[in-house]
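The primary structure of each chain is shown beneath.
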Amino acid sequence: MMTAPREIYDAVEYHLDCYSLDQFEHLLPEDNEDLDGDEILERAKEEAIEEMTDRIYCDLEAMG
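No experiment lies behind these values; they were computed from the predicted model shown.

Draft legend 1. Quick peek at the overall build of the protein. A tally of helices and strands in the protein yields two helices and zero strands. When contacts within the protein are restricted to residue pairs at least 6 apart in sequence, those whose partners lie at least 24 apart make up 73%. Accessible surface for the protein amounts to roughly 5,200 Å². Of this, 51% is attributable to carbon and sulfur atoms.

Draft legend 2. Region of interest: a negative patch on the surface. A cluster of like negative charges, contributed by D22, E25, D36, D38 and E42, occupies part of the molecular surface. Tracing the chain through its elements places D38 in helix α2 (residues 37-63).

Draft legend 3. Seen up close, α2. With 27 residues, α2 should reach 39 Å at 1.5 Å per residue; the first-to-last C-alpha distance of 39 Å fits that figure. Listed in full, the buried residues belonging to α2 are G37, L41, K45, I49, T53, D54 and Y57. For α2, the secondary structure elements touched by its buried residues are α1 (6-17).

Draft legend 4. Up close: the packing of α1 against α2. At a minimum axis separation of 9 Å, α1 and α2 run at an interaxial angle of 130°. When the axes of α1 and α2 are compared, the pair comes out oblique. The handedness of the crossing between α1 and α2 comes out as right-handed. Seen from α1, the contacting residues are I8, Y9, V12, E13, H15, L16 and D17; seen from α2, they are K45, E46, A48, I49, E50, M52, T53, I56, Y57 and L60. Grouping the constituent residues of the contact of α1 with α2 by class yields ten nonpolar, two polar and five charged.

Draft legend 5. Just the environment of Y57, in detail. Position of Y57 among the secondary structure elements: in helix α2. Residues Y57 and I8, spaced 49 residues apart in sequence, show a C-alpha to C-alpha distance of 7.4 Å.

So, how was this worked out
Residues numbered from 1 in each chain as written. Predicted model: local features only at pLDDT ≥ 70, side-chain atom pairs only at ≥ 80, totals over all residues. Heavy atoms only, no water. Helix = DSSP H or I, 4+ residues; strand = E, 2+ residues; numbered from the N terminus. Contact = heavy atoms within 4.5 Å. Areas by Shrake-Rupley, 256 points an atom, 1.4 Å probe, with all protein chains shown as cover. Patch = residues over 30% accessible without salt bridge, like charges linked within 9 Å, V, L, I, M, F, W, Y side chains within 5 Å. Salt bridge = Lys/Arg side-chain N within 4 Å of Asp/Glu carboxyl O. Lys, Arg positive; Asp, Glu negative; His and termini not counted. Charge placed at Lys NZ, Arg CZ, Asp CG, Glu CD. Expected span 1.5 Å × (residues − 1). Buried < 20%, exposed > 50% of the residue type's maximum accessible area, 1.4 Å probe, protein only. Axes fitted to C-alpha atoms, helices over the stretch in contact; angles between N-to-C directions. Parallel < 35°, antiparallel > 145°, perpendicular 65-115°, else oblique. Left-handed = near helix turned anticlockwise from the far one by under 90°. Nonpolar A, V, L, I, M, F, W, Y, C, P; charged D, E, K, R; others polar.

Below you can see the structure in the form of structure tokens.
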């Protein structure tokens, strides 16, 4: 991961916070009782934030 400015990370996090994790619960398997859906969705959100932040930062660096 690159070291992107915190402002980019915060903007991406704010953008993704507009989506409720409840919107994605239907994607989780229903037959696994041991599965902590909230934890999985939260981890996926964190990974998405990191990925989007890196991509935005790379694009901005290329423009500069």
